[in-house]
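Listed below are the residues making up each chain.
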Amino acid sequence: MSADRVPLAVVGAGPAGLAATAAAAAAGVPVLLLDPAARPGGQYHRREPRAFGARDPHALSPSGRDWHARAERLLADPLVTHRAGATVWAAQHRGDGVLLATDDAAGEVVADAVVLATGAHERVLPFPGWTLPGVLTVGGAQALLKGQGVLPGRAVVVAGAGPLLLPVSAALARAGAGLVAVCDAGDPRRWLAGGPRGLPPAKLAEGASAVATLARHGLAVRPRTAAVRARGDGRVEEVELARLDARWRVVPGSERWVAADALATSHGFVPDLGLALALGCRLAGGPTPSAPPAVAVDAYQATGVSGVWAAGEVTGIGGADVAAREGTTAGLAAARAVGGAVADDALEAAAAHRRADRAFLTALGAVLDVPDGWVGWMAPETVVCRCEEVPLGRIDDAIAHRGARDVRSVKLTTRCGMGRCQGRMCGANVAGVVAARTGAPAPDAAALERRPVLAPVPLGRLGGA
């Protein structure tokens, strides 16, 4: 099968990818936009299927109305080709450009330049009962609500850490979910780490609106509180909540059980690095020792690999607004590299807007820090790797008795990360256990992200059928 040739490919149609596409198209560069979803928006601006025919598709997420209107206009631009439902399952940097193999009928493409906007996936800390039906991620609850108009349960606990808790809890409350508790394992004072500019007015207003929504429903966020256990007969029926100390260890005597038929939980995000690693991009550590690695970029979002730029959560967790600004910078820089009409002052202005986010990112990094006390929530039989059903006890044995002092060694001795998800769910947690047990960050925290086949693909596609 011969590969199509394009000047610029953008992988991912979330806030970063759409912004990069818009910037490049405005510079006169044809753009191929590849995305595994049926509709643009990524996780943040998720849409319901067209077949639903909703009278007001934005009723549950009013903030997305303008964004999706702009996206539809962009996708109608003759310079933009949107291949929906196209997952990039392999990539190779070649002398004539970047080869991207996709699982849709169009197949391979070779691009002179690529912008990686592959986003991130949620991190869920394991605890006894986290594999029970009815336990889902906070983003999963959001996806059910935005994408399907479905509530995760009638009596819902939302617990975890990070800024996603507030808007999702507020959306669930507005949609009529019976919220039992909203718990944040972190300390809200961490937002002060970025100084006076660490909380932009728009973010402050968004948070205040969510808090007010919860208050109208008789709820307040419980700080430094976590869901540390779930139990039930065939599905979650009760959730144990506990106060935490500064290291996220359970404060003895603070535990109490609450009745619930759903638990939405997550503890930050992990950049989706598979495609970047396949292309040889360098990684950098996060703002805190517990932060997962991300793609290292310069002021113009260049990765250091010829013809490859990156933007959005894959370069570090920053949220939709930061991702869009990074996407604009990456799109302009990539467009100029392939001959687009991009003035120096336009590129410099975009980079300056990105630099203005530093205070907010410092604060967000502190908020997303995950101290290692969470490892104490687990029992030896608690499953850490769900695909291969590897419990904590087996990982501890590998570290203590089999010389596994890094993530790759744990994988080889326990099978962690060898299942269908290829470490997306367990990778960061395995690295966290290694760090907690050895007293030092895992030297290869992104080891489970390295894979030649990035996503499940039919055998026929591998054979060129």
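Nothing here was measured: the structure is a model prediction, and the numbers come from that model.

J.: How should the environment of Val 138 be read in this particular structure?
T.: Tracing the backbone through its elements, the reader meets Val 138 in helix α3 (residues 138-148). Considered as a pair, Val 138 and Leu 164 are 26 residues apart in the sequence and their alpha carbons are 7.5 Å apart. Aside from chain neighbours lying at most four places away, what touches Val 138 is Glu 122, Val 158, Ala 159, Leu 164, Leu 165, Val 168, Ala 264, Thr 265 and Ser 266.

J.: What exactly am I supposed to notice about the nonpolar core here?
T.: Burial of nonpolar side chains together is a common tendency in soluble globular proteins. Ranked by size, the top nonpolar core spans 49 residues in total, and within it Val 239, Trp 248, Trp 374 and Trp 377 carry the most contacts. Beyond its immediate stretch of four places on either side in the chain, Trp 374 contacts Arg 123, Leu 125, Pro 126, Arg 247, Trp 248, Asn 429, Gly 432 and Val 433. Ranked by size, the runner-up nonpolar core spans 33 residues in total, among them Ala 16, Ala 23, Val 29 and Val 115.

J.: Would you take a moment to explain the packing of aromatic side chains for this structure?
T.: The relative placement of two aromatic rings is captured by the distance of their centres and the angle of their planes. The full count for this structure, using the stated rule, is two aromatic pairs. Look at Trp 191 and Phe 360: their rings are 6.2 Å apart centre to centre, the planes differ by 20 degrees, and that puts the pair in the stacked class. In this pair, Trp 191 sits in the loop between β10 (178-184) and α5 (201-216) while Phe 360 sits in helix α9 (residues 358-367), placing the two residues 169 residues apart along the sequence. Judged by centre distance (6.4 Å) and plane angle (10 degrees), the rings of Trp 248 and Trp 377 are stacked. A residue pair is termed long-range when its members are at least 10 positions apart, and Trp 248 in the loop between β13 (238-243) and β14 (256-259) and Trp 377 in the loop between α9 and β20 (383-385) qualify at 129 residues. By the burial criterion, Trp 248 is buried, and Trp 377 matches it. Across from the ring centre of Trp 257, 3.7 Å away, lies the NZ or CZ of Arg 231, which sits over that ring.

J.: For this particular structure, what's the right way to read the side chain of Thr 414?
T.: Its place among the elements puts Thr 414 in helix α11 (residues 407-414). Judged by relative accessible area, which is 2%, Thr 414 ranks as buried. A polar side-chain atom of Thr 414 sits 2.6 Å from the main-chain carbonyl oxygen of Val 410. Aside from chain neighbours lying at most four places away, what touches Thr 414 is Val 390, Arg 394, Ile 395 and Ala 398.

J.: Looking at this structure, I do not really get the pairing of strand β6 (residues 109-116). What am I missing?
T.: Looking along a regular strand, one sees the side chains alternate between the two faces of the sheet. Of all the eight residues making up β6, seven are buried; the element is thus mostly covered by neighbouring parts of the structure. Alignment of strand β1 (residues 4-11) against β6, held across seven bridges, turns out to be parallel. Within β6, the residue paired with Val 6 across the bridge is Ala 111. In this sheet, β6 lies alongside strand β5 (residues 97-102) in antiparallel orientation, the contact comprising three bridges. Directly across from Leu 99, in β6, lies its bridge partner Val 110. What sits between the antiparallel neighbours β5 and β6 is a turn of six residues, in which Gly 107 has the positive phi angle 75 degrees. With three bridges connecting them, β6 and strand β19 (residues 308-310) associate as parallel partners. Across the sheet, residue Leu 116 finds its bridge partner in β19, namely Ala 310.

J.: Looking at this structure, I do not really get the sheet that holds strand β15 (residues 262-267). What am I missing?
T.: Sheets are built from strands paired through backbone hydrogen bonds, the pairs being either parallel or antiparallel. The strand order across the open sheet built from five strands is β8-β15-β9-β10-β11, with neighbouring strands paired in parallel fashion. Whereas interior strands pair on both sides, the edge strands pair on one side only; in this sheet they are β8 (135-136) and β11 (221-223). Pairing of β8 with β15 involves two bridges; the strand directions are parallel. Paired with Val 135 across the bridge in β15 is Leu 263.

J.: What is the right way to look at the environment of Asp 321 in this model?
T.: Among the structural elements, Asp 321 can be located in helix α7 (residues 320-337). Along the chain, Asp 321 and Ala 16 lie 305 residues apart, while their C-alpha atoms are 8.6 Å from each other.

J.: Looking at this model, I keep getting lost on the sheet that holds β13. Mind explaining?
T.: A sheet is described by the order of its strands in space; here three strands give the open sequence β12-β13-β14, paired in antiparallel fashion. Strand pairing shows two members of the sheet lacking a second neighbour, β12 (225-231) and β14, which therefore form its edges. Neighbour-to-neighbour, the strand axes of this sheet turn through a mean angle of 35 degrees, independent of strand direction. Where β12 and β13 come together, six bridges link them in antiparallel fashion. Bridge pairing links Arg 231 to Glu 238 in β13.

Calculation rules
- Residues numbered from 1 in each chain as written.
- Predicted model: local features only at pLDDT ≥ 70, side-chain atom pairs only at ≥ 80, totals over all residues.
- Heavy atoms only, no water.
- Helix = DSSP H or I, 4+ residues; strand = E, 2+ residues; numbered from the N terminus.
- Contact = heavy atoms within 4.5 Å.
- Core = buried A, V, L, I, M, F, W, Y, C linked by side-chain atoms within 4.5 Å.
- Buried < 20%, exposed > 50% of the residue type's maximum accessible area, 1.4 Å probe, protein only.
- Phe/Tyr/Trp six-rings, centres within 6.5 Å; stacked < 30°, edge-to-face > 60°.
- Lys NZ or Arg CZ within 6 Å of the ring centre and 35° of its normal.
- Polar contact = N/O pair within 3.5 Å; in protein donor to acceptor, adjacent residues only side chain to side chain.
- Pairing = 2+ DSSP bridges.
- Axes fitted to C-alpha atoms, helices over the stretch in contact; angles between N-to-C directions.

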